[in-house]
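Topology and contacts: notes
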Amino acid sequence: MFLTSSRRTVVNALAILLSASALVAGCSSGGGAAPASAGADVGGARAGATGVPAQAIARTTFPAVTTPGTIEVGLVSLARTGQLAVLTLSWSPHYQQDPGSGISLYDMFGRTSPSISLVDGKNLKRYVVVEDSQGHDLSPDVVYFKVANNSSGLASYTFAAPPAGARLAVYADARPLFTDVAVTG
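From a predicted model like this one, the values you see are computed outputs, not experimental measurements.

1. Some remarks on the overall build of the protein
Assigned secondary structure in the protein consists of two helices and twelve strands. Taken from the N to the C terminus, the helices and strands of the protein come in the order α-β-β-β-β-β-β-α-β-β-β-β-β-β. Within the protein, counting contacts between residues at least 6 apart in sequence, those at least 24 apart form 59% of the total. Total accessible area computed for the protein in this model is approximately 9,600 Å², and 56% of it derives from carbon and sulfur atoms.

Structure follows, in structure tokens:
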């Protein structure tokens, strides 16, 4: 059982993270970050001319579901902060025909809401996005988080912190996006 001061600290931390998540989602809905320059080398992560920011430490691509094109996902960070861990991903749609009004995560996944989770294969645990006291996930709203075609937008997802030294896989529904991701911090 938590002490009163511990409970207050956790509630305050969740409120701060919720505000930060809302800020990131709000800032990203206008078109996202500027594309990385072709061939830029930042901190050992090589950025291509595809729109994923140079700070991404890994990238993966999968086919768009409802329209010709691809979705590129960049792993920016997975950082532990106390009892929580924050995953930051960069989403970059590359549709053959630009819809013009921005592409939501909902649209990127074929008009469904993707469930982002972390899987610890060694300890056989799955971590799901935590909720605030009103039952809202600490992640971007998949309908309102929009990214311009051939651009990128950052999204943050908050989880209960895995144990120190854990190596995790990042999933979108049943699709593994990244494997063997170290938690920093």
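On we go.
2. Thoughts on the pairing of strand 10 (residues 153-160)
With six of eight residues buried, strand 10 lies mostly within the body of the structure. Pairing of strand 5 (residues 84-95) with strand 10 involves eight bridges; the strand directions are antiparallel. Bridged to T88 within strand 10 is S156.

3. So, the pattern of salt bridges
Following the criterion strictly, the structure yields three salt bridges and no others. Residues E72 and R59 are paired through a salt bridge, measuring 3.6 Å at the closest nitrogen-oxygen approach. Of this pair, E72 sits in strand 4 (residues 69-81) while R59 sits in strand 3 (residues 58-63), and the two are 13 residues apart along the sequence. R111 is paired through a salt bridge with D107; the nearest N and O atoms lie 2.8 Å apart. For D107, a relative accessible area of 23% corresponds to the partly exposed category.

4. Let's talk about the sheet that holds strand 4
Spatial strand order, 3-4-5-10: four strands in an open sheet with antiparallel pairing. Of all the strands in the sheet, just strand 3 and strand 10 have a single pairing partner and so form its edges. Sheet twist, expressed as the mean angle between neighbouring strand axes with direction ignored, is 25°. Note: strand 3 against strand 4, six bridges, orientation antiparallel. Paired with R59 across the bridge in strand 4 is G74.

5. A few points about the confidence of the model for the protein
In the predicted model, the protein carries a mean pLDDT of 77, and the fraction of residues at 70 or more is 71%. Confidence drops under a pLDDT of 50 for residues 1-49, and excluding neighbours within four residues, the segment shows 67 contacts in the predicted structure.

6. Some words on the nonpolar core
Side chains of nonpolar character tend, in soluble globular proteins, to be buried together. Within the largest apolar cluster, 34 residues are counted, with the highest numbers of intra-cluster contacts made by L87, W91, M108 and Y157. Top contributing element to this core by residue count: strand 5, with five residues. For Y157, the contacting residues outside a window of four places in its chain are A85, V86, L87, L89, W91, L105, I116, V129, L138, S139 and P140.

7. Observations concerning the environment of W91
One can find W91 in strand 5. As a C-alpha pair, W91 and L75 span 16 residues in sequence and 9.3 Å in three-dimensional space. In this structure the side chain of W91 is engaged in a polar contact, spanning 3.2 Å, whose partner is the side chain of Y157.

8. Some thoughts on the environment of G69
Examined against the element boundaries, G69 turns out to sit in strand 4. Setting aside residues up to four positions removed in sequence, G69 forms contacts with P63, A64, H94, Y95 and Q96.

About the thresholds
Here the residue numbering is sequential within each chain, running from 1 through the sequence in written order. Only residues with pLDDT of at least 70 get local features here, since the model is predicted, and only at 80 or more are side-chain atom pairs given and counted; chain-wide, interface and lining totals rely on the full set of residues. Processing note: side-chain calculations cover all non-hydrogen atoms of the structure and skip hydrogens and water entirely. Helix and strand assignments come from DSSP, with helices taken as H or I runs of at least 4 residues and strands as E runs of at least 2, each series counted from the N terminus. The criterion used for residue contact is that any of the two residues' heavy atoms lie within 4.5 Å. Working definition of accessibility: Shrake-Rupley area with a 1.4 Å probe, residue cover restricted to the visible protein chains. In this scheme, a residue with accessible area under 20% of its type's maximum is buried, one over 50% is exposed, and one in between is partly exposed, where area comes from a 1.4 Å probe on protein chains only. At least two bridges found by DSSP between two strands are what make those strands a pair. When a carboxyl oxygen of Asp or Glu lies within 4 Å of a side-chain nitrogen of Lys or Arg, that pair is called a salt bridge. Lines fitted to C-alpha atoms define the axes, with helix axes restricted to the stretch in contact, and inter-axis angles between N-to-C directions lie between 0 and 180 degrees. pLDDT runs from 0 to 100 and stands for how confident the predictor is about each residue. Only buried Ala, Val, Leu, Ile, Met, Phe, Trp, Tyr and Cys residues count toward a nonpolar core, and they belong to the same one when joined by side-chain atoms within 4.5 Å. Any N or O atom pair separated by 3.5 Å or less is treated as a polar contact, with the protein-specific requirement of one donor-capable and one acceptor-capable atom, and with residues adjacent in sequence counted only for side-chain atom pairs.

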